[in-house]
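# Observations on chain architecture
The chain contents come next:
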There are 2 protein chains.
Amino acid sequence: MNLDTIFSAAQEAFLSYKNLSGSKKADFLEKIAETLEENRKAIVLMACRESNLPEGRINGELGRTTGQIKLFANQVREGSWLEATIDPADPHRSPLPKSDIRRMLTPLGPVVVFGASNFPLAFSTAGGDTISALAAGCPVVYKGHPAHPDTSKFIGECISQAVEKSGLPAGVFTHVVGGVKMGQDLVKHPAAKAVGFTGSYGAGKSLFNIASDRDEPIPVYAEMGSVNPIFTFQERMTNELVPLAESFVGSLTLGSGQFCTNPGLIFVPRALAENFENAVSEAIKKAPDSPMLHEGIAESYYTALDNLKTRSELNWVKVPNAKHLINVSPALAEIKASDWIADDLFQQEVFGSFALMVVYENEAELLEVAKKLHGQLTITLWADKSELKSNEELINILEEKCGRLLFSGVPTGVEVGYAMQHGGPFPSTTDVRSTSVGAHAIKRFARPIAFQDMPEELLPEALKNGNPLGIMRQVNGKFTSEKI
Amino acid sequence: MNLDTIFSAAQEAFLSYKNLSGSKKADFLEKIAETLEENRKAIVLMACRESNLPEGRINGELGRTTGQIKLFANQVREGSWLEATIDPADPHRSPLPKSDIRRMLTPLGPVVVFGASNFPLAFSTAGGDTISALAAGCPVVYKGHPAHPDTSKFIGECISQAVEKSGLPAGVFTHVVGGVKMGQDLVKHPAAKAVGFTGSYGAGKSLFNIASDRDEPIPVYAEMGSVNPIFTFQERMTNELVPLAESFVGSLTLGSGQFCTNPGLIFVPRALAENFENAVSEAIKKAPDSPMLHEGIAESYYTALDNLKTRSELNWVKVPNAKHLINVSPALAEIKASDWIADDLFQQEVFGSFALMVVYENEAELLEVAKKLHGQLTITLWADKSELKSNEELINILEEKCGRLLFSGVPTGVEVGYAMQHGGPFPSTTDVRSTSVGAHAIKRFARPIAFQDMPEELLPEALKNGNPLGIMRQVNGKFTSEKI
């Protein structure tokens with residue numbers, strides 16, 4: 001099928017699908033979740049085989065995938081996400097009567113989605129991007145990830161079954177396969193109105209450039225990962241050195257270090273550096289080498305480490321075991337904060353279980369670090385209350401450098417909920433205004449529209465006087481779920 | 001002052017200004033409005049002289065300017081715009097305890113604003129872009145418009161006075177002057193985090209390109225105008241032919257045709273074309289030639305008409321009077337819908353009181369028109385209820401082509417309120433997800449941030465358990481203004 005045919009079906013489908021009620025959209029999304037659950041065994045088998053990820057993880061990821069589908073289903077069934085805003089008419093206003101103006105969100109149009117290799121389910125074919133776009137009312141053209149082609153195709157078929165069972169036009173979801181050129185052509189197609197992407201900086205930024213260079217530029221929501229720094233402080237660390245070291249190594253090596261929130265950078269005060277290093281070293285020895293998603297990723301990991309090994313600023317706490325075709329071998333190197341500050345290269349993500357431990361002399365040095373730091377998905381602070389208090393200036397700057405700021409725990413384990421923000425300043429994403437996880441992700445695929453003096457019978461349900469959906473609306477600036 | 005100095009002051013100011021309470025930000029904004037009112041006489045005198053706009057209009061525009069300042073002040077004092085979203089912890093969740101996650105909007109950072117020549121007050125120095133950015137918590141670096149340099153400089157001084165009186169750092173607002181190169185350098189500066197612009201397609205698109213090509217791409221909210229088509233239908237027109245013709249001409253010639261919502265395109269059914277043409281012709285004759293903002297704009301107007309005059313598809317209903325140095329002379333040409341469809345050139349905006357009247361044979365032809373139509377700020381329908389009913393397919397497509405759909409009245413006269421949407425699909429703006437008028441405009445300059453397990457005493461007011469601001473929040477997915 002050529003792209004014109006695909007997008008023309010998607011555009012045609014859009015014109016009816018966008019008008020489907022929230023409740024029917026929710027039924028459809030739940031039908032997708034149901035179809036995935038019915039095929040759980042086959043999916044898990046396929047995804048394990050293609051991703052090298054263990055069955056427990058893939059089973060869990062499928063649960064997460066259907067869980068987030070249900071979250072979006074609930075959200076569109078409830079309906080308040082539409083941001084209905086009503087300024088009623090005032091025919092008696094002087095000098096000029098005031099028109100009736102009603103505003104709500106409406107879907108953007110067909111969306112192109114690229115899945116991630118590191119989440120063959122939750123960030124792939126039926127993952128957050130696809131589902132939030134469908135929830136918003138946008139048809140999706142999905143490009144299968146070459147790292148898990150069978151899983152992607154099979155899940156694509158599950159979605160298409162749900163489309164059919166729900167009596168929707170087939171163009172609501174299309175699964176395509178192809179190489180880099182195909183990806184570029186999808187983004188270039190005039191009918192595409194937005195792009196969702198999770199993956200490497202190189203690929204994400206190149207899609208952003210293509211989308212910006214179109215005759216009609218379109219938004220690209222590329223989540224490109226980051227090094228997710230952890231800032232540690234004397235008191236807190238002294239009290240919990242070993243458990244924090246173990247948490248850190250646990251997070252670093254989880255899923256072979258292949259999470260976008262993997263902590264690749266940890267700042268440690270000089271006085272504790274040796275003790276922490278020892279504790280980490282103990283923990284890291286217990287972490288076995290483990291398989292990565294595919295050979296290409298393993299190859300990149302070892303190449304990146306080979307490059308770093310040439311740098312005299314680094315002191316290796318744990319060198320990786322001999323290069324392996326597919327397994328990642330956790331590694332850790334130490335560097336002084338002043339050296340880290342001097343070269344942006346030390347901010348580059350190494351995909352896998354590698355971290356830089358940056359030893360700082362004093363808290364003033366951390367201000368320099370913070371100003372220099374690139375945009376991150378997350379930043380974590382391990383500090384006690386008095387340390388938080390005395391580092392307000394630092395925290396104030398760190399807020400500008402991330403999408404999520406953690407005060408305990410580790411950055412891996414991204415909760416799917418209403419308040420989650422999974423996105424951050426460039427280069428962690430191409431659009432700092434967006435999240436790719438959680439309920440707010442739906443807003444990436446919508447835009448506002450206002451209706452002026454629209455007859456009541458034509459108004460969308462969300463904007464009718466009687467508020468038949470019972471949603472939260474802003475009427476004359478006040479939030480209310482009452483009718484007008 | 002060089003740009004590094006300016007932006008370093010803006011960035012420094014940002015780190016404190018962003019943390020100012022909503023109520024103090026509101027006081028500051030109101031201080032700006034107050035300072036403008038105190039200087040009303042001087043401002044009106046200057047703006048009239050520099051814009052050629054009549055005193056009544058400029059007086060009204062100043063009222064609109066201070067009115068919208070008060071709208072944003074109210075909005076930030078109230079605080080619900082922050083979209084506070086709270087997912088409380090659940091330490092007992094199995095298999096893993098759930099962290100406390102709280103999300104809200106936070107300002108982007110220093111914003112570069114370019115004013116519009118056609119609104120020397122409401123879309124310029126203290127206009128909607130500047131004020132919504134300040135309201136969001138972003139310092140503004142404003143480039144004065146060369147068409148009204150004295151007005152811009154003077155209003156810049158009023159804002160700086162308000163900054164000083166409010167005890168804020170001077171870097172919260174900086175007024176700069178310069179040419180095209182200066183504008184480009186502002187957008188290129190690494191400390192700039194967003195751009196607001198109102199003006200021509202050429203200038204807006206070029207700023208968008210520069211911003212997208214930066215090492216760190218930033219959002220550009222360029223409102224570049226459109227031709228704001230009016231679609232008319234047989235029954236409605238038959239009943240109200242003369243008043244509608246007069247409304248149309250009134251809107252077309254208002255402010256010398258220099259509004260971004262000026263109706264430059266009107267679709268009329270064949271059966272009524274002659275009658276409507278006569279009525280418009282009568283009305284247009286009564287509309288006097290009137291001064292444009294400056295000679296360059298007048299020159300462009302006549303040049304555009306000279307180009308159109310070479311087109312054999314056009315039938316001139318009213319040719320402009322002889323070219324004038326500064327006055328616009330209203331003009332109207334007729335074209336068949338099939339000819340209009342055949343050439344995109346007929347969709348180009350002619351800034352000033354010129355419209356194309358497109359005569360269509362039947363409503364099926366309008367579907368072709370709609371599919372072909374570029375993105376617009378507004379689209380207006382003059383149809384009776386039965387005509388709206390029988391044109392649902394058309395309306396469904398037109399929704400995809402505009403930011404505001406009107407069912408009575410004319411597109412000029414953009415209401416400043418909560419529900420206004422002034423923005424639309426490309427090329428009317430560079431970001432269809434945004435509005436440059438109304439309360440929602442503030443969201444252009446904010447991004448979400450999530451705090452995970454942040455100690456209560458560090459949480460921003462908007463996210464504290466007790467809800468001290470009394471704002472509407474989403475807690476566990478439910479909207480509430482209660483405390484937790």
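Predicted, not measured: the structure shown is a model, and the values here were computed from it. (Residues numbered from 1 in each chain as written. Chains lettered and ligands numbered in written order. Predicted model: local features only at pLDDT ≥ 70, side-chain atom pairs only at ≥ 80, totals over all residues. Heavy atoms only, no water.)

### Let's talk about the overall build of chain A
Our working definition: Labels follow the DSSP assignment, with helices taken as runs of H or I lasting at least four residues and strands as runs of E lasting at least two, numbered in each case from the N terminus. With the radius of gyration taken over C-alpha atoms, the globule rule is written as 2.2 Å times the number of residues to the power 0.38. Any residue under 20% of the maximum accessible area for its type is buried, any over 50% is exposed, and the rest in between are partly exposed; the area is computed with a 1.4 Å probe on protein chains only. Under the convention used here, a 1.4 Å probe and the Shrake-Rupley method define accessible areas, while residue burial counts only the protein chains that appear. Counting rule for charge: Lys and Arg are taken as positive, Asp and Glu as negative, and neither His nor the chain ends is counted. For the purpose of locating charges, the reference atoms are NZ of Lys, CZ of Arg, CG of Asp and CD of Glu.
Secondary structure summary: chain A contains 15 helices and 19 strands in total. Here the C-alpha radius of gyration of chain A, 24 Å, is about what a compact globule of 484 residues would show, namely 23 Å. With respect to the principal axes defined by its C-alpha atoms, chain A has extents near 75 × 55 × 40 Å. Residues classed as buried in chain A amount to 62% of the 484 residues present. Carbon and sulfur atoms make up 53% of the accessible area of chain A, which totals about 17200 Å². With 46 positive and 57 negative side-chain charges, chain A shows a spacing of 5 Å between the two charge centroids.

### Notes on the relation of the copies chain A and chain B
Stated formally: Least squares is the method used to superpose the copies, on C-alpha atoms of residues holding a pLDDT of at least 70 in both.
In screw terms, the move from chain A to chain B is a rotation of 180° and a rise of 0.0 Å along the axis, fitting with an RMSD of 0.0 Å. Both chain copies can therefore be described as sitting about a two-fold axis. Considering only C-alpha atoms, the residue of chain A closest to the rotation axis is serine 212 of chain A, which sits at 3.3 Å.

### Considerations on the pairing of strand 14 (residues 354-360) of chain A
Residue and element names in this part refer to chain A. Stated precisely, the cut-off is as follows: Strands are treated as partners if at least two bridges between them are detected by DSSP. With the strands pointing away from the viewer, any crossover whose connection runs clockwise from the first strand over the helix to the second is right-handed.
Most of strand 14 is tucked away: seven of the seven residues are buried. Neither face of strand 14 is open: one carries Phe354, Leu356, Val358 and Tyr360, the other Ala355, Met357 and Val359, and all of them are buried. Where strand 9 (residues 265-269) lies against strand 14, five bridges are found, and the strand directions are parallel. Across the sheet, residue phenylalanine 267 finds its bridge partner in strand 14, namely valine 358. Here strand 13 (residues 331-336) pairs with strand 14 via six bridges, running parallel. Bridge pairing in strand 14 places alanine 331 opposite phenylalanine 354. The handedness of the strand 13 to strand 14 crossover, carried by helix 12 (residues 337-342), is right-handed.

### Re the environment of leucine 45 of chain A
Residues and elements named next belong to chain A. With respect to the secondary-structure elements, leucine 45 resides in helix 3 (residues 40-51). For leucine 45, a relative accessible area of 65% gives the class exposed. Spatially, the C-alpha atom of leucine 45 lies 9.5 Å from that of asparagine 59, the residues being 14 residues apart in sequence.

### Some points on the pairing of strand 7 (residues 220-223) of chain B
Residues and elements named next belong to chain B. Here strand 7 shows a buried face lined by Val220 and Ala222 and a second buried face lined by Tyr221 and Glu223. In this sheet, strand 7 lies alongside strand 6 (residues 194-198) in parallel orientation, the contact comprising four bridges. Looking across to strand 7, one finds that glycine 196 is bridged to tyrosine 221. The handedness of the strand 6 to strand 7 crossover, carried by helix 8 (residues 201-213), is right-handed.

### Re the domain arrangement of chain A
All names here are of chain A. Where we set the bar: As annotated, the domain borders come from an automatic or database domain assignment. Buried area counts how much accessible surface, traced with a 1.4 Å probe, disappears from two parts once they are put together, with both parts' losses summed. What makes a salt bridge here is a side-chain nitrogen of Lys or Arg within 4 Å of a carboxyl oxygen of Asp or Glu, nothing more. The term polar contact refers here to a pair of N or O atoms within 3.5 Å; inside protein, the definition further demands a hydrogen-donor-capable atom paired with an acceptor-capable atom, and it admits residues adjacent in sequence only when both atoms are side-chain atoms. Each residue receives one of three labels: charged for Asp, Glu, Lys and Arg, nonpolar for Ala, Val, Leu, Ile, Met, Phe, Trp, Tyr, Cys and Pro, and polar for the others, Gly being one of them.
Domain annotation for chain A reports domain 1 (3-224 + 432-480) and domain 2 (230-406). A straight line from the C-alpha centre of domain 1 to that of domain 2 covers 35 Å. Summing the contributions of domain 1 and of domain 2, the shared interface buries around 870 Å²; its carbon and sulfur component is 60%. The largest share of the area that domain 1 buries against domain 2 comes from Asn52, Asn118 and Glu223, three residues that together contribute 48% of it. Inspection of the region where domain 1 meets domain 2 yields zero salt bridges. For the pair domain 1 and domain 2, the number of links is three residue pairs in polar contact (both at pLDDT 80 or more). Across the side of domain 1 that touches domain 2, the residue classes tally to four nonpolar, four polar and three charged.

### Some thoughts on the sheet that holds strand 4 (residues 140-143) of chain A
Think of a sheet as strands paired side by side through backbone hydrogen bonds, with each pair either parallel or antiparallel. All names here are of chain A. Going by this rule: Comment: axis = line fitted to C-alpha atoms, over the contacting stretch for helices; angle = value between 0 and 180 degrees taken between N-to-C directions.
Here we have five strands laid out as an open sheet, ordered 5-4-3-6-7, and parallel in their pairing. Strand pairing shows two members of the sheet lacking a second neighbour, strand 5 (173-176) and strand 7 (220-223), which therefore form its edges. The mean angle between the axes of side-by-side strands here comes to 15°, regardless of whether they run parallel or antiparallel. For strand 3 (residues 111-114) and strand 4, the ladder comprises four bridges, and the chain directions are parallel. Note on strand 4: the bridge partner recorded for valine 113 is tyrosine 142.

### Overview of the interface of chain A and chain B
To be explicit about the condition: Any two residues whose heavy atoms approach within 4.5 Å are treated as being in contact.
In this complex, chain A contributes 69 residues to the contact, which on the side of chain B involves 69 residues. Both sides together, the interface formed by chain A and chain B hides about 6200 Å², and carbon and sulfur atoms give 56% of it. Across the contact surface, chain A and chain B share 14 salt bridges. Taken together, the connections running from chain A to chain B amount to 44 residue pairs in polar contact (both at pLDDT 80 or more). Those elements that provide at least two residues to the side of chain A that touches chain B are helix 1 (3-17), strand 1 (85-87), strand 2 (101-107), helix 8 (201-213), helix 14 (385-390), helix 15 (392-399), strand 16 (402-406) and strand 17 (446-452) of chain A. If one sorts the elements of the side of chain A that touches chain B by residue count, strand 17 of chain A sits on top with seven residues. For the side of chain A that touches chain B, the residue count by class is 32 nonpolar, 16 polar and 21 charged. In terms of strand pairing, strand 17 of chain A meets strand 16 (residues 402-406) of chain B through three bridges, oriented parallel. Directly across from alanine 450 of chain A, in strand 16 of chain B, lies its bridge partner arginine 404 of chain B.

### As for the packing of aromatic side chains
Heads up, the condition is: Pairing of aromatic rings covers Phe, Tyr and Trp, the last through its six-membered ring, and needs centres within 6.5 Å; plane angles under 30 degrees mean stacked, over 60 mean edge-to-face, and all others mean tilted. We call a charge positioned above a ring when the Lys NZ or Arg CZ atom is no farther than 6 Å from the ring centre and deviates by at most 35 degrees from the ring normal.
Counted under the stated rule, the structure contains 22 aromatic pairs over all chains. Site record: aromatic cluster; members linked through ring pairs are Phe119, Phe123 and Phe259 of chain A. Over the ring of tyrosine 221 of chain B we find arginine 444 of chain B; its NZ or CZ atom is 5.7 Å from the centre of that ring.

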